[in-house]
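Spelled out, the chains give:
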Amino acid sequence: MYQPSQEILRKYASVLVNFALGSGEGIKKNDVVLIVTQTPGIPLAKEIYRRVLQSGGNPLMNIVDDDIKQIHLSEGTDQQIAFFPEKYYRGLSDTIDHSVRILADRDPLFLSSSDPRKIILNTGSSKPYRDWLDAKEDGGNFTWTLCLYGTAGAAKEAGMSLKEYWEQILQACFLTEPDPVVTWQSVYTEMRRIIGKLNDMPIVNVRVQAKETDLLVGLGEKRRWLGGRGRNIPSFEIFTSPDWRTVEGTVYFDLPLYRYRGRSK
């Protein structure tokens, strides 16, 4: 079974802690960093933990096991599944300055046999926690990042070997570079230059044309282009949001649509 080297994991951790968090600036001394990982991602979580310590921060760890998640959803009552320990999460949201979420599904479809109603019930129960973190982020007092840890299950879904899957992660995150943090800083400098040019342009709407699609998307006078904030590694997206009141036309999808509630933090 393929396993990325410790050097690769150390570089990955450095990118996440010393670049992605802090909106491209990394963490500061005494910052509190919550590390959340599914069980397969523990090797990377250990290196992130070390990097937080080395950077003068205070790490907290939350390990999520998919089997336990399934037990909770299949055997818990609706009341238990919707239970929200308010004092615990209120204290957590008040305490942390950053969070790193490692996506490491042993099987990306592990919830396919679970009752969708219970999944929605469970996800919705933590909405107050997400709202507290959103408010903290909007105030400039919280940053987060997501990253991917390759697993055999994810590689299988992509039609790749685990080594091939990890090679994609290495390339996308610049983990084969001598100092990937420096590379990411250069990429984000260029992204911010492009964002500045876009925000200087008086764009009223964007037209999207494709197969069976002709969509006119109004941006609105106060909309701004964003990107390059370190919220996802890797991420090269530059984006804005539409003014829903001025969206007109037709859009066509040739694959099923999936919708989820909230963000992972």
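Quantities reported herein were computed from a predicted structural model and do not represent experimental measurements.

**Quick word on the packing of helix H1 (residues 6-20) against helix H2 (residues 42-54)**
For any two helices packed against each other, the geometry comes down to the angle between their axes and how far apart the axes lie. As a packed pair, H1 and H2 sit with axes 8 Å apart at the nearest point and diverge in direction by 55°. Judged by the inter-axis angle, H1 sits oblique to H2. Seen from above, H1 lies across H2 with right-handed handedness. Residues Gln6, Leu9, Arg10, Tyr12, Ala13, Ser14, Leu16, Val17 and Asn18 of H1 lie in contact with H2, whose contacting residues are Pro43, Leu44, Glu47, Ile48, Arg51 and Val52. Here the contact of H1 with H2 is built from residues that sort into nine nonpolar, three polar and three charged.

**Here we look at a nonpolar patch on the surface**
Taken together, Tyr49, Leu53, Met61 and Ile63 make up a surface patch of nonpolar side chains, about 350 Å² in accessible area. Put simply, the parts of the chain that give the nonpolar patch at least two residues each are H2 and strand E2 (58-64). As for its position among the elements, Leu53 is in helix H2. You can call Leu53 partly exposed: its relative accessible area is 49%.

**Quick notes on the nonpolar core**
For soluble globular proteins, the rule of thumb is that nonpolar side chains tend to be buried together. Judged by nonpolar contacts, the single largest core of 37 residues is most densely connected at Tyr12, Leu44, Ile48, Ile102, Trp166 and Ile233. Within the residue set of this core, elements represented by two or more residues are H1, strand E1 (32-38), H2, strand E3 (98-103), helix H8 (152-157), helix H9 (162-172) and helix H10 (180-200). The leading source of residues in this core is H1, at nine residues. Beyond its immediate sequence surroundings of up to four residues, Tyr12 is in contact with Leu44, Cys147, Leu148, Trp166, Ile169, Cys173, Leu175 and Ile233. Within the second largest apolar cluster, twelve residues are counted, among which are Phe84, Ile96, Trp132 and Leu133.

**Let's talk about the packing of aromatic side chains**
The full count for this structure, using the stated rule, is twelve aromatic pairs. Ring geometry for Phe84 versus Tyr89: centroids 5.5 Å apart, planes at 5°, classification stacked. Phe84 sits in the buried class, given a relative accessible area of 18%. Residue Tyr89 is classed as partly exposed on the basis of its relative accessible area of 24%. In textbook terms, an aromatic cluster arises when at least three aromatic residues are bridged by ring pairs, as seen for Phe19, Phe174, Trp184, Tyr188 and Phe236. Between the NZ or CZ atom of Arg90 and the centre of the ring of Trp132, over which it lies, the distance is 4.2 Å.

Calculation notes
- Residues numbered from 1 in each chain as written.
- Predicted model: local features only at pLDDT ≥ 70, side-chain atom pairs only at ≥ 80, totals over all residues.
- Heavy atoms only, no water.
- Axes fitted to C-alpha atoms, helices over the stretch in contact; angles between N-to-C directions.
- Helix = DSSP H or I, 4+ residues; strand = E, 2+ residues; numbered from the N terminus.
- Parallel < 35°, antiparallel > 145°, perpendicular 65-115°, else oblique.
- Left-handed = near helix turned anticlockwise from the far one by under 90°.
- Contact = heavy atoms within 4.5 Å.
- Nonpolar A, V, L, I, M, F, W, Y, C, P; charged D, E, K, R; others polar.
- Patch = residues over 30% accessible without salt bridge, like charges linked within 9 Å, V, L, I, M, F, W, Y side chains within 5 Å.
- Areas by Shrake-Rupley, 256 points an atom, 1.4 Å probe, with all protein chains shown as cover.
- Salt bridge = Lys/Arg side-chain N within 4 Å of Asp/Glu carboxyl O.
- Buried < 20%, exposed > 50% of the residue type's maximum accessible area, 1.4 Å probe, protein only.
- Core = buried A, V, L, I, M, F, W, Y, C linked by side-chain atoms within 4.5 Å.
- Phe/Tyr/Trp six-rings, centres within 6.5 Å; stacked < 30°, edge-to-face > 60°.
- Lys NZ or Arg CZ within 6 Å of the ring centre and 35° of its normal.

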